[in-house]
Amino acid sequence: MPELGIPRENHVFVSGIGCSSRFPYYMNTYGMHTIHGRAPAIATGLKVARPDLTVWVVTGDGDALSIGGNHLIHALRRNVDFSILLFNNRIYGLTKGQYSPTSEVGKQTKSTPLGSIDHPFDPLALALGAGASFVARSVDVEAKHLQETIRRAHGHRGASFVEILQNCNVFNDGAFEHLTDKTRKADHTLVLEHGKPMVFGKNRDKGIVLRGFAPEVVALEHGLTEADCVVHDERNPVLAALLARMQAPDFPTPVGVLYAATRRCYDAAVNDQIMAAKAKTPPDLGKLLRGNETWTVG
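Our subject in this report is the structure included herewith. (Residues numbered from 1 in each chain as written. Predicted model: local features only at pLDDT ≥ 70, side-chain atom pairs only at ≥ 80, totals over all residues. Heavy atoms only, no water.)

1. Quick look at the nonpolar core
Next, step 1: Membership of the largest hydrophobic core comes to 39 residues, with the highest contact counts inside it found for Leu 76, Phe 82, Val 135, Phe 161, Leu 190, Met 198 and Leu 243.
Next, step 2: In this structure, Phe 82 is in contact with Pro 40, Ala 43, Thr 44, Val 55, Val 57, Ala 75, Gly 158, Ala 159 and Ser 160, ignoring residues within four places of it in sequence.
Next, step 3: Trp 56, Phe 134, Leu 146 and Val 162 belong to the second largest nonpolar core, which has 13 residues in total. (Core = buried A, V, L, I, M, F, W, Y, C linked by side-chain atoms within 4.5 Å. Buried < 20%, exposed > 50% of the residue type's maximum accessible area, 1.4 Å probe, protein only. Contact = heavy atoms within 4.5 Å.)

This is the structure:
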């Protein structure tokens, strides 16, 4: 944050409820620990009223995708100019270990002792479906990658959505071990870079190709090279949708910016309407009070 060049008093972190939503307490900025699932709604009001502020929404998989699902998707489709950091640990940690909307099928928890039968949400696919103009993913322990991803999210004009895969070492330990274990992560992680071919693996010997509209993992051998792989284009919404649906164990997990597009922001449009209305009919409080649209309470 110090490198963003914005005074800390101009940052506001707005959170809902959950382990992730303790975040504002750890920041030496302004912040609001608000209502379960309602952080995007409160942040929308704040950004419309104070467009000069840098507003962040911090939430978790339960807070954003279950209790606050509606608030999240409408903030994304409106393209409010703030950054949403969704910490996904695939469990309700604060309430001591119930399954969440992103828990995998078969997950045994205190509330699913026989295993979850719910099909889980894919947060990135959900964000793209809601019309988000910036969608990205990173991993909590990959500090350099996470920092750059958040920097990109902050620089985006509009609603930027970042899923951060996070371990819960108490109630869901090892959920993303295949992405964090030094001996395994290169074979399970696809690091996306705009304009570069999709290649991965410890020896960079695997890639992603398209067979029609279906992605496929191939070994780079027998004449197949990086030149045969799909080149990432973060401006392509169709490619972003394919990437969002690439999941383990059949595919490596894509991290980085899946999609970035320019679209008008809700907060700017609201304030433009207000300015236009004021210009057309200058506000006159006295005229309003003396008008016919008042009542006498007796």
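2. Overview of the sheet that holds strand 9 (residues 206-211)
Next, step 1: Pairing within the open sheet is antiparallel, and its three strands lie in the order 8-9-10. The two strands at the open ends of the sheet, each matched to only one other strand, are strand 8 (199-200) and strand 10 (214-219).
Next, step 2: Bridging between strand 9 and strand 10 involves six bridges; their strand directions are antiparallel. Paired with Lys 206 across the strands is Ala 219, a residue of strand 10. (Pairing = 2+ DSSP bridges. Helix = DSSP H or I, 4+ residues; strand = E, 2+ residues; numbered from the N terminus.)

3. Quick look at the side chain of Thr 54
Next, step 1: Counting through the fold element by element, Thr 54 comes out in strand 3 (residues 54-60).
Next, step 2: In this structure Thr 54 comes out as buried when scored by relative accessible area, which is 14%.
Next, step 3: Once you skip the residues sitting within four places of it in the chain, Thr 54 turns out to touch Ile 6, Asn 10, His 11, Val 12 and His 154.

4. Let's talk about the packing of helix 1 (residues 39-49) against helix 9 (residues 266-280)
To characterise two packed helices, one gives the angle between the axes of the helices and the distance between these axes.
Next, step 1: For the pair helix 1 and helix 9, interaxial distance at closest approach is 9 Å and the crossing angle is 50°. Looking at the two axes, helix 1 sits oblique to helix 9. Note on packing geometry: the crossing formed by helix 1 with helix 9 is right-handed. Where helix 1 approaches helix 9, its residues Thr 44, Lys 47 and Val 48 are matched on the opposing element by Tyr 266, Asp 267, Val 270 and Asn 271.
Next, step 2: The residue inventory of the contact of helix 1 with helix 9, partitioned by class, reads three nonpolar, two polar and two charged. (Axes fitted to C-alpha atoms, helices over the stretch in contact; angles between N-to-C directions. Parallel < 35°, antiparallel > 145°, perpendicular 65-115°, else oblique. Left-handed = near helix turned anticlockwise from the far one by under 90°. Nonpolar A, V, L, I, M, F, W, Y, C, P; charged D, E, K, R; others polar.)

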